[in-house]
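Structural features, examined
Single-letter residue listing:
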Amino acid sequence: MEVSPALTDPTNPMHADCPGREVFKLITGRWTLLILWSLKSGTLRFFQIRDQVEGVSERVLSSALKDLCRHGLISRHVEPSVPPKVSYSLTPCGAGLLDVMGQITGWIASELDTIEAAKRRYDES
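Worth saying up front: this structure is predicted, and the values here are computed from it rather than measured. (Residues numbered from 1 in each chain as written. Predicted model: local features only at pLDDT ≥ 70, side-chain atom pairs only at ≥ 80, totals over all residues. Heavy atoms only, no water.)

Digging into unusual backbone geometry
Of the consecutive residues Val82 and Pro83, the connecting peptide bond is found in the cis state with omega at -10°. Mapped onto the elements of the fold, Pro83 is located in the loop between strand 2 (74-79) and strand 3 (85-90). (Helix = DSSP H or I, 4+ residues; strand = E, 2+ residues; numbered from the N terminus.)

Some words on the confidence of the model for the protein chain
Of all residues in the protein chain, 92% attain a pLDDT of 70 or more, and the chain-wide mean is 91. Mean pLDDT across the elements of the protein chain ranges from a minimum in helix 1 (residues 5-8), with 57, to a maximum in strand 1 (residues 44-45), with 98. (pLDDT = per-residue confidence, 0-100.)

Section: the side chain of Ser89
By secondary structure assignment, the location of Ser89 is in strand 3. Of the polar contacts made by the side chain of Ser89, one reaches the side chain of His77; its length is 2.8 Å. When sequence neighbours within four positions are dropped, the list of residues in contact with Ser89 reads Leu39, Thr43, Ile74, Ser75 and His77. (Polar contact = N/O pair within 3.5 Å; in protein donor to acceptor, adjacent residues only side chain to side chain. Contact = heavy atoms within 4.5 Å.)

Side note on the sheet that holds strand 1
Pairing in this open sheet of three strands is antiparallel, and the strands run 1-3-2 from one edge to the other. Looking at strand neighbours, the two that pair on one side only are strand 1 and strand 2, the edges of this open sheet. Relative to strand 3, strand 2 runs antiparallel, the two being bridged by six bridges. Bridge pairing links Arg76 to Tyr88 in strand 3. Running over the sheet, helix 5 (residues 58-70) touches strand 2 and strand 3 and is turned about 110° from strand 2. (Pairing = 2+ DSSP bridges. Axes fitted to C-alpha atoms, helices over the stretch in contact; angles between N-to-C directions.)

This is the structure we're talking about:
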């Protein structure tokens, strides 16, 4: 059986060694887009993000913020005070991802009735 060239291409996200696969996994994570969405109106402190993203634990939020900083989607600002005040904001890269997310939320809004109807039909069968 011959293997498709697309599956052996290291730039294909379906390939385990694709450099973009890590980014793909990050942005499709449970909380990533919600955290980024919370920052669309400007810089926020940790507790403000936590309060906006209902359901995220502080441990998970802390880990997600570190990953987002590491990948350049958000920046972390530390004010030299006692105790230090830490805030987060979108980078241009993160803002670009939010542009894509805006398209997704627009699609959700336009298709939500269709999706809800499909769920009802499925659940009734």
